[in-house]
Protein chains: 2
Amino acid sequence: MSAVSEVSSNASAIAIRRSTVAAELARVLAPESVLVEREALMPYECDGLSAYRATPLVAVIPADEQEVAAVLAVARATHTPVVARGSGTGLSGGALPHAEGILLSLAKFKRIVAVDPLARLARVQPGVTNLRISQQVAPLGLYYAPDPSSQIACSIGGNVAENSGGVHCLKYGLTVHNILKVRAITIEGDVVDIGSDALDSAGYDLLAIVTGSEGLLAITLEVTVRLLPKPETACVVMASFADVESAGEAVANVIGAGIVPAGLEMMDKLATSAVEGFVHAGYDLEAEAILLAESDGTHEEVAHEIEKMIEVMRASGATQIRCSSNDAERLRFWSGRKAAFPAVGRISPDYYCIDGSIPRGALAKVLKRTEELSERYGLRCANVFHAGDGNLHPLILYDANIPGELETTERFASDILELCIEVGGTITGEHGVGIEKINQMCTQFRPAELAQFHAIKAAFDPEGLLNPGKGVPTLHRCAEYGAMRVKGGALPHPDLPRF
Amino acid sequence: MSAVSEVSSNASAIAIRRSTVAAELARVLAPESVLVEREALMPYECDGLSAYRATPLVAVIPADEQEVAAVLAVARATHTPVVARGSGTGLSGGALPHAEGILLSLAKFKRIVAVDPLARLARVQPGVTNLRISQQVAPLGLYYAPDPSSQIACSIGGNVAENSGGVHCLKYGLTVHNILKVRAITIEGDVVDIGSDALDSAGYDLLAIVTGSEGLLAITLEVTVRLLPKPETACVVMASFADVESAGEAVANVIGAGIVPAGLEMMDKLATSAVEGFVHAGYDLEAEAILLAESDGTHEEVAHEIEKMIEVMRASGATQIRCSSNDAERLRFWSGRKAAFPAVGRISPDYYCIDGSIPRGALAKVLKRTEELSERYGLRCANVFHAGDGNLHPLILYDANIPGELETTERFASDILELCIEVGGTITGEHGVGIEKINQMCTQFRPAELAQFHAIKAAFDPEGLLNPGKGVPTLHRCAEYGAMRVKGGALPHPDLPRF
């Protein structure tokens, strides 16, 4: 059989499968909730990691729990993979469709079901955006702490799937620390309520295992989030440094002094210069690196903490220090940080955002090695990241139209992630593994540890229908990856089509 | 066969099994590390829940990882259950031996392996006591936050197994929030390192699933704990109330005002009067209930928080308010709380400590219902608990020598736990399920949820050799429990021998 006829025979097999599965789904959902046409499926081809794309067999938009259960029953009966999707803002390809699978959109699950201001809880459906929760409870003086940069668009269900973070994680924790309960449905169609409204929950900690499981264990139907009282006031210190290493040392010193800022972010010169032309945040363009450190709380607490931070930054060699004098200025300081990714997009045809985390003590070392790698690969790298909790987001600037440059970028990215492992860190901070970092999982974990992950997966989804190919690599894949690395060849790429 | 000969045949079967397993263990451990004689096994017959006792087949005290691995290899080869034990201070019978199993003591694992003051981490073996960590790092100005009342004796491995709490959990979290990594060995003998030194760990959250798993999933070999800087100062407010309900309301109001005290504890009159004759803590003996609320931080923060708390307590009807004027007085205020359990032991032949948790909003209601139950059952009940996080510890006073009184006590305790479930809480706060609360798990969870727990167990320990019969009830057991409850008969007791 020639290559061409193989492709067309595969395409016709998919077409047959599509119509079979769609027909089953049409029996349980309204016609407009089952999408099969190419144009209708296009919006679902990728998530925020747009370098990877695939057309799902079919996309469904169920309206309630019963409809989700009905979709899963079809998936079981037809042995069809299911990939759940929130807003599609994920950066590791967790919601990348499976070419032979159902894409299950939770877009219709957008109700804020209940708010209890006394218990400081909100019960929300998974399609509710992160920011909407805080907006809804703002009149009560409350907010939801985790704040990914995509918070205007990203859904709380996606936040649970990826255990998302944000600028304020340092003080307030990741998603797992800010939710109390998840109502989820397993591939078997069992609805389980995990976690509790109280201090602790009996039994194994299923809430933690489901949070960050990237849609591989169960599908979230409802989330109970913790709300926090809005702090009385907040203030940002902006400090300039003559090199990134000393900014890294300053971060370690702030934390070492027992201060837990509400946020502690670093941007290097490449990032600030990209940002400044875009949003005019007022950054010091002479500095090789700046730190933004926020304090929140009562007026007294903030005044005290800001004073201590300034002292530590000075002692760490800050060349210039400014404090926000009012809330408008504070938000302006942050506006640059929040716009950093799109701003970098303006100075380079393409950029690749990495997400790794390291022990804070290794910050200066990792920044120095990243600079060296940047020179070696001949690619610029902007550093914008959650310095306080050691969560790096190097942005590699490249041009996908230059042959081989994406491959060089991926090699550079892989080196940074493996550097994170080398210093005792991990290949994820808050973006998840998805399809993007599945090879690096082989470096991060030993076979016994990966086998334990697979056993957990089998405990929820023995047939492996939920989001297959993501999150945890097969031992076979790791063996291949290891062999290729030993040969010193180019890094292997995930098996999925890339555009 | 008569009953007598059945018993003796069972005893002789156990004796044969004991010598077989002991012989295998003697091949891999030093002779003094394998205990088989009745007198040598006696100290291991129970943990802190001394109403339940069993003699293990054999007890072993391995000295290092290799020896633990060797014991597990013997367990696998001979299909023998293994129950791990730290200091044996647990209150739910988690370390109760299995009559046909190996009791694996981690008493020799008592090294503090490393302390990193910059990263604020300590790497310790599981047999190190909770308090020793804080003592060791005190010269560095650091401490380990979770502080169970048994902290002088309880081991960090046991704290991980039970996800232990303490007075300061309200502000600083449970064990799971204060550890970063666990090195554990599975029943298969695989050593796995779970968690990471960085912000997040890739893959499913095995750290959370192992924490609180009561020795059913893996055996802890090493724990990396977070250390916190010792606060500059701390102060305790002691407030008196005319009834327990208004003290409960005051707790809700403090939290509702956005204050997160370092500790927020309640004691009722029965508890304070028992304590006062024992340790002279200076409690108000006229009050029906007192609250102890601690604030810690910088001098300014503490002054501000104490002022706010006093205001809220006054508005909530406090009849008397006192603040500790120095650290000696602060410790004296706490001494009564810490001695409450033994103090209650002085005014009653026996007492039964319950551990449930509820949403804070339900505090007043649950306290009132507990009073009613106390009258109905004719048993006194002292309330001493972590009010701030809704973690109740009612102490039922009874006399085991009065026929039927232990059974009445257990019925009372079971009613309180089911009341916790009714108001949206759970049957555990910080003591775990163990053998004690295994029946109430049937009320707390639906069959699909219990099935998911069993699947998790099978993912780690398919043969069910680690601590069988604890933590999660079989569906069969729940069916029997349900049937007995429907018949309105006496509560069934766990299958294990009780003394």
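All chains use their own residue numbering, which begins from 1 and follows the written sequence. Lettering for chains starts from A, numbering for ligands starts from 1, and both go in the order in which the items are written. In view of the model being predicted, local features appear only for residues whose pLDDT reaches at least 70, and side-chain atom pairs are presented and counted only at 80 or more, with totals across whole chains, interfaces and linings using the full set of residues. Derived side-chain values reflect all non-hydrogen atoms in the structure, with water molecules and hydrogen atoms excluded from consideration.

## Re the sheet that holds strand β4 (residues 102–105) of chain A
Residues and elements named next belong to chain A.
So, point 1. In this analysis, strands are considered paired if DSSP registers two or more bridges between them. The helix count covers DSSP runs of H or I at least four residues long, the strand count covers runs of E at least two residues long, and both are numbered beginning at the N terminus. Spatially, the four strands line up as an open sheet ordered β1-β2-β4-β3, and their pairing is mixed. Edge positions in the sheet fall to β1 (34–35) and β3 (82–85), since each of these pairs with one other strand and no more.
So, point 2. Bridge analysis of β1 against strand β2 (residues 58–60) gives two bridges, and the strand direction is antiparallel. Across the sheet, Val-34 pairs through a bridge with Val-60, a residue of β2.
So, point 3. Here helix α3 (residues 65–78) sits on the sheet in contact with β2, β3 and β4, set at roughly 170° to β4. By definition, residues are in contact when any of their heavy atoms lie within 4.5 Å. To obtain each axis, a line is fitted to C-alpha atoms, and for helices this fit is confined to the stretch in contact; angles are then taken between N-to-C directions over 0 to 180 degrees.

## Concerning the state of the cysteines
Residues and elements named next belong to chain B.
So, point 1. Two cysteine sulfur atoms form a disulfide, by the criterion used here, when they sit within 2.5 Å. For the structure on display, the rule yields two disulfides over all chains.
So, point 2. Sulfur-sulfur distance for the disulfide between Cys-442 and Cys-478 comes to 2.1 Å. On the S-S bond that ties Cys-442 to Cys-478, the torsion sits near -80°, and the link is left-handed. In this pair, Cys-442 is assigned in helix α15 (residues 440–444) and Cys-478 in helix α17 (residues 475–486), connecting sequence segments 36 residues apart.

## Topic: the relation of the copies chain A and chain B
So, point 1. In superposing the copies, a least-squares fit is computed on C-alpha atoms, taking residues whose pLDDT is at least 70 in both. When chain A is fitted to chain B, the best match, at an RMSD of 0.0 Å, comes from turning it 180° and sliding it 0.0 Å along the axis. Look at the turn and shift together and you get a two-fold axis relating the two.

## Here's the deal with the interface of chain A and chain B
So, point 1. Taken together, the contact between chain A and chain B spans 61 residues of the former and 62 residues of the latter.
So, point 2. Here the buried area means the combined drop in accessible surface, using a 1.4 Å probe, for two parts upon being joined, counting both sides. Roughly 5200 Å² is buried in total at the junction of chain A and chain B, and carbon and sulfur atoms are behind 63% of that figure.
So, point 3. Here, a salt bridge means any Lys or Arg side-chain nitrogen found within 4 Å of an Asp or Glu carboxyl oxygen. The tally of links between chain A and chain B comes to two salt bridges.
So, point 4. Of the charged contacts in the structure, one is a salt bridge between Asp193(A) and Arg446(B), with a shortest N-O distance of 3.1 Å.
So, point 5. We define a polar contact as two N or O atoms separated by no more than 3.5 Å, with the added condition that, inside protein, one atom must be a possible hydrogen donor and the other a possible acceptor, whereas residues neighbouring each other in sequence contribute only through side-chain atom pairs. Across the chain A-chain B interface, the total number found is 10 residue pairs in polar contact (both at pLDDT 80 or more).

## Details of the packing of helix α8 (residues 244–256) of chain A against helix α10 (residues 299–315) of chain A
Residue and element names in this part refer to chain A.
So, point 1. Closest axis-to-axis distance for the α8/α10 pair is 9 Å, and the angle between their directions is 140°. By the criterion of interaxial angle, the relationship of α8 to α10 is oblique. The two elements α8 and α10 meet at a crossing, and its hand is right-handed. Of the residues in α10, those in contact with Ala-250, Asn-253 and Val-254 of α8 are Met-309, Val-312 and Met-313.
So, point 2. Charged residues are taken to be Asp, Glu, Lys and Arg, nonpolar residues to be Ala, Val, Leu, Ile, Met, Phe, Trp, Tyr, Cys and Pro, and polar residues to be all remaining types, Gly included. The residue inventory of the contact of α8 with α10, partitioned by class, reads five nonpolar, one polar and no charged. Angle categories are assigned with fixed cut-offs, so that under 35 degrees is roughly parallel, over 145 is roughly antiparallel, 65 to 115 is roughly perpendicular, and the rest are oblique. Working rule for handedness: look at the near helix, and if it is turned counterclockwise from the far one by less than a right angle, call the crossing left-handed; if clockwise, right-handed.

## Observations regarding the packing of aromatic side chains
So, point 1. Under the pairing criterion, centres of Phe, Tyr and Trp rings, with the six-membered ring standing for Trp, must be within 6.5 Å; the plane angle then separates stacked pairs below 30 degrees from edge-to-face pairs above 60, leaving the rest tilted. As enumerated under the stated definition, the model contains 10 aromatic pairs over all chains in all.
So, point 2. Judged by centre distance (5.8 Å) and plane angle (80°), the rings of Phe453(A) and Tyr204(B) are edge-to-face. Taken as a pair, Phe453(A) in helix α16 (residues 447–460) and Tyr204(B) in the loop between β9 (191–195) and α7 (206–210) lie in two separate chains rather than in one.
So, point 3. Both rings, one in Tyr143(B) and one in Tyr172(B), keep their centres 6.4 Å apart while their planes meet at 85°; by these two values the pair is edge-to-face. Within this pair, whereas Tyr143(B) is found in strand β7 (residues 142–143), its partner Tyr172(B) is found in helix α6 (residues 169–172), the two being separated by 29 residues in sequence. Here Tyr143(B) matches Tyr172(B) in class, with each residue buried.
So, point 4. An aromatic cluster is defined as three or more aromatic residues linked by ring pairs; in this entry it consists of Tyr204(A), Phe445(B) and Phe453(B). Burial classes follow relative accessibility: with a 1.4 Å probe on protein chains only, a residue under 20% of its type's maximum area counts as buried, one over 50% as exposed, and anything between as partly exposed.

## Structural notes on the domain arrangement of chain A
All names here are of chain A.
So, point 1. Segmentation into domains, and thus their bounds, comes from an automatic or database assignment. Considered domain by domain, chain A is made up of domain 1 (3–105), domain 2 (112–229), domain 3 (233–343) and domain 4 (350–486).
So, point 2. Between the C-alpha centres of domain 1 and domain 4 there is a distance of 27 Å.
So, point 3. Every contact between the two is made by 16 residues of domain 1 and, on the other side, 13 residues of domain 4.
So, point 4. Both faces considered, domain 1 and domain 4 share a buried interface measuring about 1200 Å² in area, 60% of it formed by carbon and sulfur atoms.
So, point 5. Broken down residue by residue, the surface that domain 1 buries against domain 4 is led by Tyr-52, Leu-91 and Ser-92, which jointly contribute 38%.
So, point 6. Between domain 1 and domain 4 we count zero salt bridges in total.
So, point 7. Inspection of the domain 1/domain 4 interface yields 11 residue pairs in polar contact (both at pLDDT 80 or more).

## Details of the pairing of strand β14 (residues 289–297) of chain A
Residues and elements named next belong to chain A.
So, point 1. With respect to burial, β14 is a largely interior element, nine of its nine residues being buried.
So, point 2. Both faces of β14 are covered, namely the face carrying Ala-289, Leu-291, Ala-293, Ser-295 and Gly-297 and the face carrying Ile-290, Leu-292, Glu-294 and Asp-296.
So, point 3. Where strand β12 (residues 233–241) and β14 come together, nine bridges link them in antiparallel fashion. Bridged to Phe-241 within β14 is Ala-289.
So, point 4. Inspection of the sheet shows strand β13 (residues 263–268) paired to β14 by six bridges, in the antiparallel sense. Across the sheet, the residue bridging to Glu-265 is Leu-292, located in β14.

## What about unusual backbone geometry?
Residues and elements named next belong to chain A.
So, point 1. Notably, Arg-120 is not glycine yet its phi reads approximately 60°, a positive angle.
So, point 2. Following the sequence through the fold, Arg-120 ends up in the loop between β5 (112–116) and β6 (121–124).
So, point 3. Owing to a relative accessible area of 9%, Arg-120 belongs among the buried residues under this scheme.

## Considerations on the side chain of Asp147(B)
Residues and elements named next belong to chain B.
So, point 1. The topology assignment puts Asp-147 in the loop between β7 and α5 (156–162).
So, point 2. In this structure Asp-147 is buried but unpaired, with Lys-338 as the nearest side chain of opposite charge at 4.2 Å.
So, point 3. For Asp-147, the side chain forms a polar contact with the main-chain nitrogen of Val-167, separated by 3.1 Å.
So, point 4. For Asp-147, the side chain forms a polar contact with the side chain of His-168, separated by 2.6 Å.
So, point 5. Setting aside anything within four residues of it in sequence, one finds Asp-147 in contact with Asn-130, Gly-165, Gly-166, Val-167, His-168 and Lys-338. Neither His nor the chain ends is counted toward charge; the positive residues are Lys and Arg and the negative residues Asp and Glu.

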